[in-house]
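Listed below, chain by chain, are the residues.
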Amino acid sequence: MAARLKFNQLRRLGKQSLMLDWAHLWMPPCQAECGVQMQEPYHSWLAIKNLQRRDLVGRRIFETLSLAEVPDTIAFCGGLGMGQVAKIAHNYITLANNLVATEGMAIGLKHGIDKNALFKCIREGTANSWVMGLEQPVPGLVPEAPSSNNYKRAFAPALSVKDLTIGINAAKSVGINPSAGEAAIAAFRAVDADHRTHDIDHTSLWLHIYGNLDEWAKEHPRL
């Protein structure tokens, strides 16, 4: 669950004006349900300029936001705009990881390994991630994942393209070559452009990479 509070909304929480960026609250994923133990928590982001928790207004904001989030997962990222920077970097990493995880699972299955055996090895190894849980591209491994529910849309392919575009532009603006992002955006553009996957979840990237899109589309005709 994500929530956004603009400056004028946050201002009501205190008695003085503050220079605030957008506040991004991210409810941490249920690790037990997806069967994945994350090595570090998924943090929320709140960028506040010249604000310390010891300040009266700062404490008021922190306590209020804590009603909707676990306090320890609220991160003060620094100056104005740093919350956005954290979110851009986070989304870039996640979406690039979507492509890598999908290709990795496809490599294993094409070579004949049982999907459950491969999933167990990855889940218990250093390749484990959020993507291998609720974003798992292979059907039948994580019951709650879109892939196990006919790729019912949770995150549209077009949104992946949008977020990667932002990340790629951010990278280029500071002299970073976004090679992983360029590969990922090309893959998600193909998913978005295909009428069979345009309106379903972006993890349907699996159908394109594994090569079973035609077969899947015949079994799941669009109404």
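Everything quoted here is computed from the prediction, not taken from an experiment.

A. Focus on the overall build of the protein chain. The helix and strand tally for the protein chain stands at nine helices and four strands. When its helices and strands are written in sequence order, the protein chain yields β-α-β-α-β-α-β-α-α-α-α-α-α. Evaluated residue by residue, the protein chain yields a buried proportion of 42% over its 223 residues. Counted over contacts in the protein chain with a minimum sequence separation of 6, partners at least 24 positions apart contribute 62%. Split by element, the accessible area of the protein chain, about 12,400 Å² in all, is 55% carbon and sulfur.

B. A look at the pattern of salt bridges. Overall, the coordinates contain five salt bridges when judged by the stated rule. Here Asp-194 ties to Arg-196 by a salt bridge, and the two come within 2.9 Å at their closest N and O atoms. Via salt bridges that share partners, Asp-194, Arg-196 and Asp-214 belong to a single interconnected network.

C. Examining the packing of helix α4 (residues 82-110) against helix α6 (residues 157-173) more closely. Put simply, α4 and α6 touch, their axes get as near as 9 Å, and they point 120 degrees apart. Looking at the two axes, α4 sits oblique to α6. Between α4 and α6 lies a crossing of left-handed hand. Where α4 approaches α6, its residues Ile-88, Asn-91, Tyr-92 and Leu-95 are matched on the opposing element by Ser-160, Asp-163, Leu-164, Ile-166, Gly-167, Ile-168 and Ala-170. In the contact of α4 with α6, the residues fall into seven nonpolar, three polar and one charged.

D. Fine view of the packing of aromatic side chains. Under the criterion given, the structure shown has two aromatic pairs. Ring plane angle 75 degrees and centroid distance 5.9 Å describe the contact between Tyr-151 and Trp-216, whose orientation is recorded as edge-to-face. Of this pair, Tyr-151 sits in the loop between α5 (115-123) and α6 while Trp-216 sits in helix α9 (residues 213-219), and the two are 65 residues apart along the sequence. No difference in accessibility class separates Tyr-151 from Trp-216, as the two residues are buried. Ring centres 4.7 Å apart and planes at 15 degrees place the aromatic pair Trp-206 and Tyr-210 in the stacked group. With a gap of four residues between them, Trp-206 and Tyr-210 both fall in helix α8 (residues 205-210), about one helical turn apart. Taking relative accessible area as the criterion, Tyr-210 reaches 22% and is therefore assigned partly exposed.

E. The side chain of Ser-147, seen in detail. Positionally, Ser-147 belongs in the loop between α5 and α6. Within the structure, Ser-147 has its side chain in polar contact with the backbone oxygen of Gln-136 (distance 2.6 Å). Sequence-distant contacts of Ser-147, that is, excluding residues within four places in its chain, are made with Gln-136, Pro-137, Val-138, Pro-139 and Thr-203.

F. Just the confidence of the model for the protein chain, in detail. This prediction gives the protein chain a mean pLDDT of 79; 72% of its residues lie at or above 70. Taken as a whole, residues 1-53 scores under 50 in pLDDT and shows 130 contacts with residues more than four places along the chain or in a different chain.

G. Quick peek at the nonpolar core. Counting residues in hydrophobic clusters, the biggest one holds 21 residues, and the most contacted among them are Met-105 and Trp-206. Looking at this core, the elements with two or more residues in it are α4, α5, α8 and α9. In terms of residues, this core owes the most to one element, α4, which gives four residues. The contact partners of Met-105, leaving out residues within four places of it in the chain, are Lys-115, Leu-118, Ile-122, Met-132, Gln-136, Val-138, Leu-141 and Trp-206. Ranked by size, the runner-up nonpolar core spans twelve residues in total, among them Tyr-92, Leu-95, Val-191 and Leu-205.

Cut-offs applied
Residues numbered from 1 in each chain as written. Predicted model: local features only at pLDDT ≥ 70, side-chain atom pairs only at ≥ 80, totals over all residues. Heavy atoms only, no water. Helix = DSSP H or I, 4+ residues; strand = E, 2+ residues; numbered from the N terminus. Buried < 20%, exposed > 50% of the residue type's maximum accessible area, 1.4 Å probe, protein only. Contact = heavy atoms within 4.5 Å. Areas by Shrake-Rupley, 256 points an atom, 1.4 Å probe, with all protein chains shown as cover. Salt bridge = Lys/Arg side-chain N within 4 Å of Asp/Glu carboxyl O. Axes fitted to C-alpha atoms, helices over the stretch in contact; angles between N-to-C directions. Parallel < 35°, antiparallel > 145°, perpendicular 65-115°, else oblique. Left-handed = near helix turned anticlockwise from the far one by under 90°. Nonpolar A, V, L, I, M, F, W, Y, C, P; charged D, E, K, R; others polar. Phe/Tyr/Trp six-rings, centres within 6.5 Å; stacked < 30°, edge-to-face > 60°. Polar contact = N/O pair within 3.5 Å; in protein donor to acceptor, adjacent residues only side chain to side chain. pLDDT = per-residue confidence, 0-100. Core = buried A, V, L, I, M, F, W, Y, C linked by side-chain atoms within 4.5 Å.

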